[in-house]
Amino acid sequence: MDNNNTIAGWVLAGGIAALGFSILSGKYFHADKPERPETMGYVIEGVESSDAGEEEIPMSMMLAKADISAGEQVFKKCVACHTINQGGANGIGPNLYDTFDKSHGHVPGFAYSDALTSIEGNWNFDNMNAWLISPRRYAPGTKMTFAGLGKPEDRANVIAYMNAQGSNLPYPEPPAEEAAVEEAEADAAAAEVAEETAEADTAAATE
Ligand code: HEC
């Protein structure tokens, strides 16, 4: 009787495992050929990174290495809704010329959401970075239905590109990287001294 139960248990477990596998593989093979609707609503590019915000490299350090022409390529994800030339028309989104150091919702006549215009302060490199990680997390209720840019390099490059269109703010000083290196070197030197002292002690003890 016990044995029969065990066998029944294994058969059941096997069945569940097989079912699980077929569900998983169904998902897996499906992912290769996403079914897109014939006509798309408006295009929403980009992905929202799930780990956004964690272990972020400061934007000031990213900008030091940013590439404006690479940023122009990234901005292609924005042109469905935005122009960025001086005096450019508003589209689904506002014209983005000279946006840095301007208030949230800076283009007169564009029908912004309250979600965006109620945010205090001007656009800077850090809050623009946060906005581009996830607009809807930065301004819950925003009308910008863009998921976000998952890659820090993409954000840095597009921020550098946007800054070059009218704002031209100086990049912030990167945090003192050298100071950190010096500190690490000092630590290593201290460790070396400690080791030498230990060796000398051992030598003294054996003498
Ligand atoms: C699907 C259309 C759409 C896409 C794609 C899109 N945006 Fe937007 N964007 C909007 C809308 C709509 C608003 C106004 C949001 C609001 O009022 O809540 C906006 C607002 C903004 C603002 C605020 C401007 C201001 O005056 O304060 C910035 C900055 C911005 N977008 C940058 C970008 C960048 C950079 C990209 C590409 C990486 C992008 N957007 C992609 C629709 C879009």
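Going by the annotation in an unreviewed UniProt entry, the name recorded for the protein chain is Cytochrome c, with Parasphingorhabdus marina DSM 22363 given as the source organism.

Could you give an account of the nonpolar core, with specific residues and numbers?
Grouped together as the largest cluster of nonpolar side chains are 19 residues, with contacts concentrated most on Leu63, Ala66, Ala156, Val158, Ile159 and Ala160. Secondary-structure elements contributing two or more residues to this core are α2 (59-64), α5 (125-133) and α7 (152-167). If one sorts the elements of this core by residue count, α7 sits on top with 6 residues. Every residue in contact with alanine 66, bar those within four places of it in the chain, is listed here: Gly71, Ala156, Asn157, Ile159 and Ala160.

Before we move on, could you go through the packing of α5 against α7 and cite the residues and values that matter?
With their axes 10 Å apart at the nearest point, α5 and α7 run at an angle of 125° to one another. On the basis of their axis angle, the class for α5 and α7 is oblique. Considering the relative orientation of α5 and α7, their crossing is right-handed. In contact with Phe125, Met128, Asn129, Leu132 and Ile133 of α5, α7 contributes Arg155, Val158 and Ile159. Of the residues that constitute the contact of α5 with α7, the class distribution is 6 nonpolar, 1 polar and 1 charged.

Lay out the environment of leucine 116 with the relevant residues and their values.
Tracing the backbone through its elements, the reader meets leucine 116 in helix α4 (residues 114-117). Leucine 116 gets classed as partly exposed once you count the C-beta atoms within 10 Å, which come to 19. Sequence separation of leucine 116 and threonine 142 is 26 residues, and the distance between their C-alpha atoms is 6.0 Å. Discounting residues that sit within four places of it in the chain, leucine 116 has contacts with His104, Gly105, Ala139 and Thr142.

Which residues make up the site of the ligand, and what are the values?
In the vicinity of the ligand, 28 residues are found, and the nearest of them are Cys78, Cys81, Gly93, Ser113 and Met144. Across the shell around the ligand, the residue classes break down as 17 nonpolar, 9 polar and 2 charged.

Calculation notes
- Residues numbered from 1 in each chain as written.
- Predicted model: local features only at pLDDT ≥ 70, side-chain atom pairs only at ≥ 80, totals over all residues.
- Core = buried A, V, L, I, M, F, W, Y, C linked by C-beta atoms within 7 Å.
- Buried ≥ 20, exposed ≤ 12 C-beta atoms within 10 Å, placed from the backbone.
- Helix = DSSP H or I, 4+ residues; strand = E, 2+ residues; numbered from the N terminus.
- Contact = placed C-beta atoms within 7 Å.
- Axes fitted to C-alpha atoms, helices over the stretch in contact; angles between N-to-C directions.
- Parallel < 35°, antiparallel > 145°, perpendicular 65-115°, else oblique.
- Left-handed = near helix turned anticlockwise from the far one by under 90°.
- Nonpolar A, V, L, I, M, F, W, Y, C, P; charged D, E, K, R; others polar.
- Near = placed C-beta within 6 Å.

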